[in-house]
Amino acid sequence: MQQTAGKAVTAPDLRQRGLNYRQKDALWGYGMILIPLIGMLIFILIPFGMSVYASFTSWPMGQSIAKAKMVGLKNYVDMFNNKLFWQSLGNTFYYMIGIPIGLAISLLLAAAMNRGTRYEKVFRVVYYVPVISSVVAITFVFQQIFNSDVGIINEGLRSLGVSDPPNWMSHAGYTKWVVIIMAVWKGLGSSIILYIAGMQGISRSYYEAAQVDGANWWQTFRSITLPLLMPVTFYLIVTGVIGGSQMYVEPRLMFTGNGPNNSTFTTVIHLYDRTFANSKAGYGSAVAVFLAIIVFVLTLIQFRLNGKGDK
Amino acid sequence: MKKLLALLLTVCLLSTLWVALAAADDKPTIVVNTFAQEHEKAMYEEVIKKFEEENNCIVDFRVSGDQYWPELEASLTAGNAPDVFYLGVGDVRKRVWTNAVAPLDDYLDVSTLGSIWPEALNLYKYDEETNKLGEGKIYGLPKDFSAVSMTVNKAIIRKRDAEIRQAIADGILPFYPEIDENGNLPVYTFTEFANLCKICTFEDETLPETAGSKQVYGTHLWEDFCLKPFIWGAGGDYLNEDCTEVLFSSDKFIEGYEGFMKIVEVGGSGSSTDETSGYLKFLAGRCAFFPCGTWDVGAFQAIETDEAVNPGKSWFDFDVAPWPISDEYASLSIEERQDKWVGRIDSVGFCISAQSKNPELAAKFAYAMSADPEVQRFLAKRGGQLPNLVDMAEGEYLTDDSYFPETRVVFVKMLEGQNGHREVSSMTWNDLWLTEGFNTGLTSVWSFYEKSDLGVTPMDVRTYCESIQDNAQQLLNDAIDDMEAMKP
């Protein structure tokens, strides 16, 4: 039903006014996409526009954005001149090392769990548990695991004869790896499920043909499974890069402050602290806009590369 | 039948909703949002219950965690502020300029506030016309006027009695770590204090299993919270008088910081790589000296007096103590040292939202929490804070033995100004010059004095302070510019 000049127009009215089936269909279609479009406008486009606007102002939190004073490119200049910002960006990219590691492990585990063995459903549940577990609880567990004095990792290393095992939580060279290991472990479950779904979508006939040709497991995996799983891998990389660029909770919960020598300090932590703790929402918006541009460019590159791969 | 059932259910639901709404409408309600430790929360809940009864109102008391300030900023920006919330002393101008807080002068008889510590009350005054803080209208009432002293676990001192007495005999320490017969506090120099901490670092086999380890340390301090008294004790400061210059590379600042790191250097401190914090160590009876805020004493007292876990105060017996001072004062007598030590004093206030629908009730609440003698007595006796009322703090708080700890005069001396220095981070528009300008590279200094590989370039105090000076100054300049940009 559509409103025109205060009068309800019903389906018979439309018929009387001569709208054909295609026009009516299109009308319903537009009506249906209007709802997500409005959502996108309210929750994505307007906030993004406000962020871009705010990034050119000295907007302090607590004040209406309408009253914020324009400062031109000052926030961007400050951001580019801030060593801590570059360090946070470097750390954020460093964390993305976890993406290929996570993909490789989940692909192998998915392949192992997709062979029709007896307890594979149990394993799937076990690997999925971290995904639905509270990140706070997981962080606490990992803090204990990596505790330099009494953690099981160092206890294990000591029992193997390592007299001076690493200070995982206090040494700037190790702290990022603690976060990476935890993030990879937590994310494995969802990647495995997606890979298994992808593997089950591959037609058996390809494998049968390969078998006839005498291909071994590795050849089959490399030449059939891997290429046909590319859409899943592509999806996981894109979402991984987007998620990785927004890394906040794990390092913040795991370490006091920004970790030793700011080693666990990420761009989103920088953004959050500047905006809320230091009330510099204009600067925080500049960081957010710059980060959004980076993510957009990275995603674009991935789409291009994926497109070339398809060809 | 189904229709009848559905109708009945609907009627039930609507009537419940109506009753609930009607009940809620009965009494005026204010939302109060604060942060507090568990023991403080319990105290406030008792006080608020009484306030509700006396004023026939509902106080929706919400306690946030360590994200209190960011959450408050977000709610203020969204125009959804609680009726009563905390006002940081560094935020008064900003809150007034953004019309976030209402002046209490409009709702209270301010002449009744004369009994509050004037230094604390002045922190919440601002004159918009002259842009002067400390004058004009009152935008908040102190929730507390707090002090952070050193605290000592006397149980550890008793266990190390022989070693301490030997150090006194050897001339390493000038006196025993307790108040002398003339009421003088044991004020040590940096070197003396470091040596005392070293003496108190030992394996204590008598500690209960719950301590987690038998290793006891002299102390376990960290710069963010504990360095300031060392800087002030050396006669230095973080900022110049008008807060336009950072003084990190000044000789006095470096001397104080070196005094702080001396404890690490001699091996009297927990290590930077320890994953048990100093606070937890202190609560477990594994630290002899530790900072103590006025809000901490309730929690400390609870452990001290718990006979089931701490029989005969065998491993936890706390008292407050002064901070150490410059080695320059080594030749001074204990009497001459009394006015040389300095600790941090600070405040946070109750303010009322300019958007509050019940500003009178909100102001009444702020007044009751801040200036009601009964409330102040209750909170101080429970170890939540010092009395906000000068007469009470300088009178019954010191003379009545139902207050604790024993050496609470240390706190009062700090508030009286002789041994207190206002927290520096709230003296500027933002504290990035400190948090980002100073605190971010401290691992390098620990690495140098602990002689340990922490994955950073080790730096001594002077090198570090000189390396960060320019950036910190730039951040302070930015803060000043930010303030100017926001001026209405």
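Residues numbered from 1 in each chain as written. Chains lettered and ligands numbered in written order. Predicted model: local features only at pLDDT ≥ 70, side-chain atom pairs only at ≥ 80, totals over all residues. Heavy atoms only, no water.

Contacts between chain B and chain A engage 28 residues on the former and 28 residues on the latter. Regarding the contact of chain B and chain A, the summed buried area is about 2,400 Å², with carbon and sulfur atoms giving 48% of it. Contact with chain A buries area across many residues of chain B, yet B:T77, B:E275 and B:E436 alone supply 22% of it, more than any other trio. Linking chain B to chain A there are two salt bridges. A salt bridge links B:D482 to A:K280; its shortest N-O distance comes to 2.4 Å. At the boundary of chain B with chain A, the tally comes to 13 residue pairs in polar contact (both at pLDDT 80 or more). Residue assignment for the side of chain B that touches chain A shows that the elements contributing at least two residues are α3 (68–77) and α21 (461–486) of chain B. Residues belonging to the side of chain B that touches chain A are distributed by class as follows: nine nonpolar, 10 polar and nine charged. (Contact = heavy atoms within 4.5 Å. Buried area = accessible area lost by both parts, 1.4 Å probe. Salt bridge = Lys/Arg side-chain N within 4 Å of Asp/Glu carboxyl O. Polar contact = N/O pair within 3.5 Å; in protein donor to acceptor, adjacent residues only side chain to side chain. Helix = DSSP H or I, 4+ residues; strand = E, 2+ residues; numbered from the N terminus. Nonpolar A, V, L, I, M, F, W, Y, C, P; charged D, E, K, R; others polar.)

All names here are of chain B. Over its 13 residues, helix α14 (residues 359–371) extends 17 Å from the first C-alpha to the last, a length consistent with the 18 Å expected when each residue adds 1.5 Å. In terms of burial, α14 is a largely internal element, 10 of the 13 residues being buried. Looking only at α14, the buried set comprises P359, L361, A362, A363, F365, A366, A368, M369, S370 and A371. (Expected span 1.5 Å × (residues − 1). Buried < 20%, exposed > 50% of the residue type's maximum accessible area, 1.4 Å probe, protein only.)

Glancing now at the domain arrangement of chain B. Interfaces are often sized by the accessible area lost when the parts come together. Residues and elements named next belong to chain B. For chain B, the assigned domains are domain 1 (28–145 + 348–416) and domain 2 (147–344). Computed from C-alpha atoms alone, the centre-to-centre distance between domain 1 and domain 2 is 30 Å. There are one salt bridge connecting domain 1 and domain 2. For E406, the salt bridge goes to K154, with nearest N and O atoms at 3.5 Å. At the boundary of domain 1 and domain 2, one finds six residue pairs in polar contact (both at pLDDT 80 or more). For the side of domain 1 that touches domain 2, the secondary-structure elements that each account for two or more residues are α2 (38–55) and α18 (409–415). With five residues, the single largest contributor to the side of domain 1 that touches domain 2 is α18. (Domains from an automatic or database assignment.)

So, about helix α15 (residues 373–381) of chain B. Since the α-helix advances by 3.6 residues per turn, residues separated by three or four positions end up pointing in the same direction. Residues and elements named next belong to chain B. What α15 keeps buried is the set V375, Q376, L379 and A380. Take α15 and look down its axis: the buried residues cluster within an arc of 125°, on one side only. Here the buried face of α15 lies against α2, α14 and α16 (390–394). After α15 finishes, the residue G383 shows a positive phi value of roughly 80°. (Arc of directions from axis to C-beta.)

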